[in-house]
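# Working through the structure, step by step
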Amino acid sequence: MRCDTCKGEELTVIKVARYSKPLVAAGYVLWILAVLAAIGAGVYMTRSDAAAEDPGARAVQNAVTKLEQINAVTPEMIKDFQDDGLISETSLSKLGSEDRTEVDKVLSDFRTGALTGTASGQPVWVFWGMVFVVCGAVFIVGLAITLRKEKLKCAKCGALIELDEG
Ligand SMILES: [Zn+2]
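Residues numbered from 1 in each chain as written. Predicted model: local features only at pLDDT ≥ 70, side-chain atom pairs only at ≥ 80, totals over all residues.

All right, on to the nonpolar core then. Side chains of a nonpolar character, in soluble globular proteins, are inclined to be buried together. Counting ten residues, the largest nonpolar core consists of Ala-59, Ala-63, Leu-67, Val-73, Phe-81, Ile-87, Val-103, Val-106, Phe-110 and Leu-115. With near-sequence residues (within four places) excluded, Phe-81 lies in contact with Ala-63, Val-64, Leu-67, Leu-86 and Ile-87. (Core = buried A, V, L, I, M, F, W, Y, C linked by C-beta atoms within 7 Å. Buried ≥ 20, exposed ≤ 12 C-beta atoms within 10 Å, placed from the backbone. Contact = placed C-beta atoms within 7 Å.)

Shown next as structure tokens:
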């Protein structure tokens, strides 16, 4: 190959950006953010997964969720329940009979282990799967923008010559 401009034969391979500087900068931001987001999501997922794997913790969480849906149940009662799986009789006696029945039902379900059943695992995995797909797509787009391409540079006149890429 020769230089088209000066016909010089000394050509060196250099790497140049494919796009304008602001676009390349945006590309870096994109893929770095995607990597950070994926790492963050991975850490968060591992943690929440560990919590979800503990049947005891899951049962407590399920019971708390149910208790929170009962209006008469105060945050103090929920804290009381989280401490030892029980709500003191003093607190329970303040509840109206309907609320009392509902709370007793949750507490008895909790004691019999009815609340340990697998929590909604499916949607969580679908959610995390989508997070990683999005991160992956953003990463690829960002990387494609920042990847440089090889060109030949004439040592004599400095002209750049396009390399044919497959
Ligand atoms: Zn040249």
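Alright, that's what it looks like, and here's the rest.
Next up on the list: helix α5 (residues 97-112). Taking 1.5 Å per residue, 16 residues should reach 22 Å; α5 reaches 22 Å between its end C-alpha atoms and fits that length. Turning to α5, its buried residues number three or more, namely Val-103, Val-106 and Phe-110. Projection of α5 onto a plane perpendicular to its axis shows the buried side chains occupying an angular sector of 60°, all on one side. Relative to its buried face, α5 has exposed residues pointing more than 90 degrees away, namely Ser-97, Glu-98, Thr-101, Ser-108 and Thr-112. Those residues of α5 that are buried lie in contact with α2 (55-68) and α4 (89-92). Taken from the residues just after α5, Gly-113 is the one with a positive phi, measuring 85°. (Helix = DSSP H or I, 4+ residues; strand = E, 2+ residues; numbered from the N terminus. Expected span 1.5 Å × (residues − 1). Arc of directions from axis to C-beta.)

Direction vectors running N to C along α2 and α5 enclose 175°, while the axes themselves pass 10 Å from each other. With respect to their mutual orientation, α2 and α5 come out roughly antiparallel. In this structure, α2 contributes Ala-59, Ala-63, Lys-66 and Leu-67 to the contact, and α5 contributes Val-103, Val-106 and Phe-110. Looking at the contact of α2 with α5, its residues break down into six nonpolar, no polar and one charged. (Axes fitted to C-alpha atoms, helices over the stretch in contact; angles between N-to-C directions. Parallel < 35°, antiparallel > 145°, perpendicular 65-115°, else oblique. Nonpolar A, V, L, I, M, F, W, Y, C, P; charged D, E, K, R; others polar.)

Here we come to the pairing of strand β1 (residues 11-17). Among the seven residues of β1, zero are classified as buried, and the element is accordingly described as predominantly exposed. Two elements, β1 and strand β2 (residues 148-154), share seven bridges in a ladder whose sense is antiparallel. Residue pairing across strands places Ile-14 opposite Lys-151, the latter belonging to β2. (Pairing = 2+ DSSP bridges.)

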